[in-house]
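Given next are the chains, with one letter for each unit.
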Amino acid sequence: MLSKMQTKVRLAGWTALIAAVTATSAQTPTTLKEAYRDSFHVGVAINEAQITGTGARGVAIVETQFDSISPENVLKWERIHPKPNTYSFELADQYMAFGEKRHMFIVGHNLVWHSQVPDWVFRDDKGNLVDRETLLKRMHDHIQTVAGRYKGRIQSWDVVNEALNDDGTLRQSLWLKIIGEDYIAKAFQYAHEADPRAQLTYNDYSLENAAKRKGALELIAKLKAQGVPVTSVGIQGHDSLIWPSVEVEDATISAFAKLGVKVVISELDIDVLPPVPDQESADVSMKIQQDPKLNPYAKGLPQSVQQKLTKRYADLFGVYLKHRDVVTRVTLWGVTDADSWRNDWPVEGRTSYPLLFDRSGHPKPGFQAVMQVAAKE
Ligand code: XIL
């Protein structure tokens, strides 16, 4: 039996311990979203399995660690609007429910892009290219229907995706060929009409490279001068261990910020695999032949490479944090390494390690490093 005094002392001990634990957990965040709460949203792209709940391990990570979601594929034109007059909203609605249930910042990706868009969009019944007015009407109907359906619920839309070539000129997509240069402005106007409160983003890859960055800066400046409602630029962030350098990332964010737009890092992943000829691209149509030399870490990642990846994550998050006045969101393009599109792009069937959670769903050293970057602030 404990004496009254002993009980008192014990209780006091427990109370102190609980207070200490609570204080520590209040001060030391254990999740990405808490660590960056005062700086920017930390988001993640989710796939069908996670949206429908069959990927339970991924779902648990998403809801614990992230406060924003992007749809990896389910809102793309070919998925949501596969045939004329046929919309398929089932998965997109489930995506919305996923985010709303968890009070997340919900991103729409994307409205106008040259990839993952069915060919019928650009053609008539005979297979000939349609005229400007027809394509503008189709674009308008699509944006009105999709952005209109989720009005007030999708906080940020990637309105136009990848309109630029690597040299900074406009990509010769069918959008450009048929409608002309103003297809970009029109897409933003239609999106704004459909949902006046949504943030509207121009999203692209390799914006860190000088020529493309110049082209993008000119494009955004021109749109702003015309009063087009573009609110942010999405730097995709399909990076590698050596590209882009910290200095270049820093300068790129500053350059866009000067135009008066917000910056989001919209699709971050960092590839550790041997570079293929054009490693500074994220062109989804690129296909490089399989070769075992290009897949050296199929059995595991060497410690030395893990360390480089960890440092890269820390360095890049350091840059994003430095710019937290303009960077509003950093989104990882996938939950775990097993989910990443980089296992199959640009070479199919590789074992890639580009994200912050490993194939078993455990946080990688890069995760701890990113947490420490926030803690040092
Ligand atoms: C990728 C998806 O991750 C893949 O599942 C899909 O097969 C192809 O598209 N830039 C983008 C994203 O804007 O939509 C792409 O996503 C990756 C490159």
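As a reminder, the structure under discussion sits directly above these lines.
Residues numbered from 1 in each chain as written. Predicted model: local features only at pLDDT ≥ 70, side-chain atom pairs only at ≥ 80, totals over all residues. Heavy atoms only, no water.

J.: It is not clear to me how the overall build of the protein chain should be interpreted in this structure. Could you clarify?
T.: The helix and strand inventory of the protein chain stands at 13 helices and 9 strands. In summary, the protein chain has a C-alpha radius of gyration of 23 Å against a globular reference of 21 Å for 377 residues, a match within 12%. In terms of principal-axis extent, the alpha carbons of the protein chain reach across some 95 × 45 × 40 Å. Evaluated residue by residue, the protein chain yields a buried proportion of 53% over its 377 residues. Here the analysis covers contacts within the protein chain between residues at least 6 apart in sequence; of these, 79% occur between residues at least 24 apart. When the accessible area of the protein chain is evaluated, it comes to approximately 17100 Å², of which 54% is carbon and sulfur surface. Looking at the protein chain, you have 44 positive and 46 negative side-chain charges, and the mean spots of the two groups are 5 Å apart. (Helix = DSSP H or I, 4+ residues; strand = E, 2+ residues; numbered from the N terminus. Rg over C-alpha atoms; globule rule 2.2 N^0.38 Å. Buried < 20%, exposed > 50% of the residue type's maximum accessible area, 1.4 Å probe, protein only. Contact = heavy atoms within 4.5 Å. Areas by Shrake-Rupley, 256 points an atom, 1.4 Å probe, with all protein chains shown as cover. Lys, Arg positive; Asp, Glu negative; His and termini not counted. Charge placed at Lys NZ, Arg CZ, Asp CG, Glu CD.)

J.: Would you mind showing me how to read empty space enclosed by the protein here?
T.: If a probe as big as a water molecule is rolled over the atoms, it shows which places are left empty. Within the structure shown, the criterion is met by 3 cavities of 30 Å³ or more. Reported here for the second largest cavity is a volume of approximately 40 Å³. As for the second largest cavity, its lining consists of 14 residues, of which Tyr205, Ser206, Gly237, His238 and Trp243 are closest to the centre. Tallied by class, the residues present in the lining of the second largest cavity amount to 5 nonpolar, 5 polar and 4 charged. (1 Å grid on protein atoms, 1.4 Å probe; cavity = no way out; pocket = protein on both sides within 12 Å on 5 of 7 lines; lining within 4 Å. Points joined across faces, edges and corners; volume = space filled by probe spheres on them. Nonpolar A, V, L, I, M, F, W, Y, C, P; charged D, E, K, R; others polar.)

J.: In this structure, what is going on with unusual backbone geometry? I would like to understand it.
T.: With the exception of glycine, the majority of residues adopt a negative phi angle, and the majority of peptide bonds are in the trans configuration. For the bond from Trp243 to Pro244, the omega torsion is -5°, close enough to zero to count as cis. In this fold, Pro244 is placed in the loop between strand E7 (238–240) and helix H11 (246–258). Of note, the bond from Trp345 into Pro346 is cis; its omega dihedral lies within 30 degrees of zero at 0°. For Pro346, the position within the fold is in the loop between strand E9 (327–332) and helix H13 (365–376). Within the chain, Asn85 stands out as a residue other than glycine whose phi angle is a positive 60°. Mapped onto the elements, Asn85 comes out in the loop between helix H5 (77–80) and helix H6 (90–101). The exposure class assigned to Asn85 is exposed, which follows from its relative accessible area of 76%. Phi at Gln116 is positive, roughly 50°, even though this residue is not glycine. Here Gln116 lies in the loop between strand E3 (105–112) and helix H7 (132–149). Since its relative accessible area comes to 24%, Gln116 is described here as partly exposed.

J.: Hey, could you run me through the site of the ligand in this one?
T.: Around the ligand, a shell composed of 15 residues is seen, among which Glu72, Asn73, Lys76, His109 and Glu267 lie nearest. Here a nitrogen atom of the ligand sits 3.3 Å away from a polar atom, N or O, in the side chain of Gln236. Looking at the shell around the ligand residue by residue, the classes come out as 5 nonpolar, 6 polar and 4 charged. (Near = heavy atom within 4 Å. Polar contact = N/O pair within 3.5 Å; in protein donor to acceptor, adjacent residues only side chain to side chain.)

J.: Help me understand the pattern of salt bridges, please; the structure alone is not making it clear to me.
T.: Should their charged atoms come close, side chains of opposite charge can pair. Inspection of the entire model under this criterion finds 20 salt bridges. A salt bridge links Glu100 to Arg153, with the shortest nitrogen-to-oxygen separation between them at 2.8 Å. Remark: Arg153 occurs in the loop between H7 and strand E4 (156–161) and Glu100 occurs in helix H6; sequence separation between them is 53 residues. Arg350 serves as the salt-bridge partner of Asp271, at 3.9 Å between the closest nitrogen and oxygen. With Asp271 in strand E8 (residues 262–271) and Arg350 in the loop between E9 and H13, this pair connects stretches of sequence that are 79 residues apart. The same class applies to Asp271 as to Arg350, namely buried. One network of salt bridges, with partners in common, ties together Asp269, Asp271, Arg342 and Arg350. (Salt bridge = Lys/Arg side-chain N within 4 Å of Asp/Glu carboxyl O.)

J.: What am I meant to see in the packing of aromatic side chains here?
T.: Within the structure shown, the criterion is met by 12 aromatic pairs. On the basis of an interplanar angle of 70° and a centroid distance of 6.4 Å, the ring pair of Trp77 and Trp120 is categorised as edge-to-face. A residue pair is termed long-range when its members are at least 10 positions apart, and Trp77 in helix H5 and Trp120 in the loop between E3 and H7 qualify at 43 residues. Trp77 sits in the buried class, given a relative accessible area of 3%. Grouping aromatic residues by their ring pairs yields a cluster made of Tyr36, Phe40, Tyr313, Phe317 and Tyr320. Between the NZ or CZ atom of Arg102 and the centre of the ring of Phe98, over which it lies, the distance is 4.0 Å. (Phe/Tyr/Trp six-rings, centres within 6.5 Å; stacked < 30°, edge-to-face > 60°. Lys NZ or Arg CZ within 6 Å of the ring centre and 35° of its normal.)

J.: Help me understand the side chain of His81 in this model?
T.: Within the element layout of this structure, His81 appears in the loop between H5 and H6. Taking the relative accessible area as the measure of exposure, His81 reaches 5% and is therefore buried. At a separation of 3.3 Å, a polar atom in the side chain of His81 contacts the side chain of Tyr87. Setting aside residues no more than four positions away along its own chain, His81 makes contact with Thr86, Tyr87, Pro118, Trp120 and His142.

J.: Mind showing me how you'd approach the layout of surface pockets here?
T.: Empty space within the largest pocket amounts to approximately 230 Å³. Looking at the largest pocket, it is lined by 13 residues, and the ones nearest its centre are Leu170, Glu181, Ile184, Leu219 and Lys222. Breaking the lining of the largest pocket down by element, the ones donating at least two residues are helix H9 (183–194) and helix H10 (210–225). Tallying contributions element by element places H10 first for the lining of the largest pocket, with 5 residues. Residues belonging to the lining of the largest pocket are distributed by class as follows: 6 nonpolar, 3 polar and 4 charged.

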